[in-house]
Amino acid sequence: SAVISQKPSRDICQRGTSLTIQCQVDSQVTMMFWYRQQPGQSLTLIATANQGSEATYESGFVIDKFPISRPNLTFSTLTVSNMSPEDSSIYLCSVAAYQDTQYFGPGTRLTVL
Amino acid sequence: SQQGEEDPQALSIQEGENATMNCSYKTSINNLQWYRQNSGRGLVHLILIRSNEREKHSGRLRVTLDTSKKSSSLLITASRAADTASYFCATDGFRENQGGKLIFGQGTELSVKP
């Protein structure tokens, strides 16, 4: 299995500011993803983080709001830009590992005031 | 958009009882995965079942898959208070361009009382 860490684990931010979330994996992986979990809801895929090219965003998510970097096969960042209270969520990264199993990081709990 | 519907949305049982959660999905799939989430933390992977499998076991967990009905169930036997959590099913979709993306069900909140 893959071991995934995220930083920060939680943060409280003011509206209008931006937060960058880091995701580190203990082994090289091809596929990395970012998900959002709004309060009391299930997970929704934000984008696929592609190494060496732009991320692929899902419907309803745009690069200006959620810029993503993937500089190598073990690391990715997600930035939540110009935050509003509606961005308060848990943000999780995941990796697709051996035989299609996907593993998730511990999540970043974001509260926007 | 959400692929799966899970029922029940919430389930409360006594320790030692069995808990059954169901998941339905809409499109053809390659595999279906079940996850557990404790108190809004990260997701713990429980089990993956492929479209050509009908049943899979892992410890106290038993997962079934019926592709003709597009449904899956997760059974936890002899439940413990530590099993209290939210449980999600996730499917990968079948189209080649899905590239490993997961679509999650709405989840079942399980409460196991001592």
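Because the structure is predicted, anything quoted here is derived from the model rather than measured.

**Student:** Even after reading the chapter, I still don't get the nonpolar core, so can you show me in this structure?
**Tutor:** Nonpolar side chains tend toward joint burial in soluble globular proteins. Core analysis: the largest hydrophobic core is formed by 26 residues, its most contacted members being Trp-34, Ile-46, Phe-66, Ile-68, Leu-78, Tyr-91 and Leu-110 of chain A. At the level of secondary structure, the elements contributing two or more residues to this core comprise strand E3 (19–25), strand E4 (31–37), strand E5 (43–49), strand E8 (75–80), strand E9 (89–96) and strand E11 (108–112) of chain A. The element best represented in this core is E3 of chain A, accounting for 4 residues. In this structure, Phe-66 of chain A is in contact with Arg-36, Ile-46, Tyr-57, Phe-61, Leu-78, Thr-79, Val-80, Asp-87 and Tyr-91 of chain A, ignoring residues within four places of it in sequence. If you look at the next biggest cluster of nonpolar residues, it comprises 21 residues, including Cys-23, Leu-61, Leu-74 and Tyr-87 of chain B.

**Student:** Can you help me understand the state of the cysteines in this one?
**Tutor:** A covalent bond bridging the sulfur atoms of two cysteines is what the word disulfide describes. All names here are of chain A. Enumeration over the complete set of coordinates arrives at 2 disulfides over all chains. There is a disulfide in this structure between Cys-23 and Cys-93, and the S-S distance comes to 2.0 Å. Between Cys-23 and Cys-93 the sulfur-sulfur dihedral comes to about 75 degrees; the bridge is accordingly right-handed. Residue Cys-23 is located in strand E3, and its partner Cys-93 is located in strand E9; the two are separated by 70 residues in the primary sequence. The exposure class of Cys-23 is buried, given its relative accessible area of 0%. Here Cys-13 stays free of any disulfide, with the sulfur of Cys-93 as its closest cysteine sulfur at 17 Å. Residue classification places Cys-13 among the buried positions, given a relative accessible area of 8%.

**Student:** Which parts of the structure should I look at to understand the interface of chain A and chain B?
**Tutor:** How big an interface is tends to be stated in terms of the accessible area lost upon association of its parts. In this assembly, 22 residues from chain A lie in contact with 21 residues from chain B. Roughly 1,500 Å² of surface becomes buried between chain A and chain B when both sides are summed, with 48% attributable to carbon and sulfur atoms. Lys-101 of chain B is the salt-bridge partner of Glu-58 of chain A, the closest N and O atoms lying 3.0 Å from each other. At the boundary of chain A with chain B, the tally comes to 9 residue pairs in polar contact (both at pLDDT 80 or more).

**Student:** I would appreciate a short explanation of the packing of aromatic side chains in the present structure.
**Tutor:** Given two aromatic rings, one states the distance between the centres and the angle between the planes to describe the pair. Taken as a whole, this structure holds 8 aromatic pairs over all chains when the rule is applied. On the numbers, 5.7 Å between centres and 85 degrees between planes, the contact of Tyr-35 of chain A with Phe-104 of chain B is edge-to-face. In this pair, Tyr-35 of chain A is assigned in strand E4 and Phe-104 of chain B in strand E10 (residues 103–104), connecting two distinct chains. Here the two residues Tyr-35 of chain A and Phe-104 of chain B agree in accessibility, since each one is buried. The interplanar angle of 80 degrees and the centroid separation of 6.4 Å between the aromatic rings of Phe-88 of chain B and Phe-104 of chain B together place this pair among those described as edge-to-face.

**Student:** How should I be thinking about the sheet that holds E3 of chain A in this particular structure?
**Tutor:** Strand pairing within a sheet occurs via backbone hydrogen bonds; the two strands may be parallel or antiparallel. Residues and elements named next belong to chain A. Strand order in the open sheet formed by 4 strands is E1-E3-E8-E7, and the pairing between neighbours is antiparallel. Across the chains shown, the open sheet's two edge strands, defined by having one partner strand only, are strand E1 (4–7) and strand E7 (68–72). Strand-to-strand, the axes of this sheet are offset by a mean angle of 15 degrees, without reference to chain direction.

**Student:** Could you clarify how one ought to interpret the environment of Thr-91 of chain B in this entry?
**Tutor:** With respect to the helices and strands, the residue Thr-91 of chain B is situated in strand E9 (residues 85–91). The spatial distance from the C-alpha of Thr-91 of chain B to the C-alpha of Leu-48 of chain B is 9.7 Å, given a sequence separation of 43 residues.

**Student:** Looking at this structure, how should I read the confidence of the model for chain B?
**Tutor:** Regions with low pLDDT should not have their predicted coordinates read in detail. Taken residue by residue, chain B gives an average pLDDT of 90. The fraction at 70 or more is 90%. Across chain B, the secondary-structure element scoring lowest on mean pLDDT is strand E1 (residues 5–7) of chain B, at 81, and the one scoring highest is strand E7 (residues 61–66) of chain B, at 98.

What counts and what doesn't
- For every chain, the first residue of the written sequence is number 1, and numbering continues from 1 along that sequence.
- Both sets of labels track the order of writing: A upward for chains, 1 upward for ligands.
- Where local features are concerned, this predicted model is filtered to residues with pLDDT of at least 70; where side-chain atom pairs are given and counted, the filter is 80 or more; whole-chain, interface and lining totals use all residues.
- Processing note: side-chain calculations cover all non-hydrogen atoms of the structure and skip hydrogens and water entirely.
- Here, nonpolar core means buried Ala, Val, Leu, Ile, Met, Phe, Trp, Tyr and Cys residues that are tied together by side-chain atoms lying within 4.5 Å of each other.
- The cut-offs for exposure are 20% and 50% of the maximum accessible area for each residue type, with area from a 1.4 Å probe on protein chains only; residues under the lower value are buried, those over the upper are exposed, and the others partly exposed.
- To qualify as a helix, a DSSP run of H or I must reach at least 4 residues; to qualify as a strand, a run of E must reach at least 2; elements of each kind are numbered from the N terminus.
- The contact definition used throughout considers only heavy atoms, calling two residues in contact when any of these lie within 4.5 Å.
- Two cysteine sulfur atoms form a disulfide, by the criterion used here, when they sit within 2.5 Å.
- Joining two parts hides part of their accessible area as seen by a 1.4 Å probe, and the buried area is that hidden amount summed over both.
- Any carboxyl oxygen of Asp or Glu that lies within 4 Å of a side-chain nitrogen of Lys or Arg is treated as forming a salt bridge with it.
- For this analysis, a polar contact is any N or O atom pair within 3.5 Å, provided that within protein one partner can donate a hydrogen and the other can accept it, and provided that sequence-adjacent residues contribute only side-chain to side-chain pairs.
- Aromatic pairs are defined between Phe, Tyr and Trp rings, using the six-membered ring for Trp, whenever the two ring centres lie within 6.5 Å; interplanar angles under 30 degrees are classed as stacked, those over 60 as edge-to-face, and all others as tilted.
- Two strands qualify as a pair provided that DSSP identifies no fewer than 2 bridges between them.
- Where helices are involved, their axes are fitted lines through C-alpha atoms of the stretch in contact, as for all axes, and angles between N-to-C directions lie from 0 to 180°.
- pLDDT expresses how confident the predictor is about each individual residue, on a scale running from 0 to 100.

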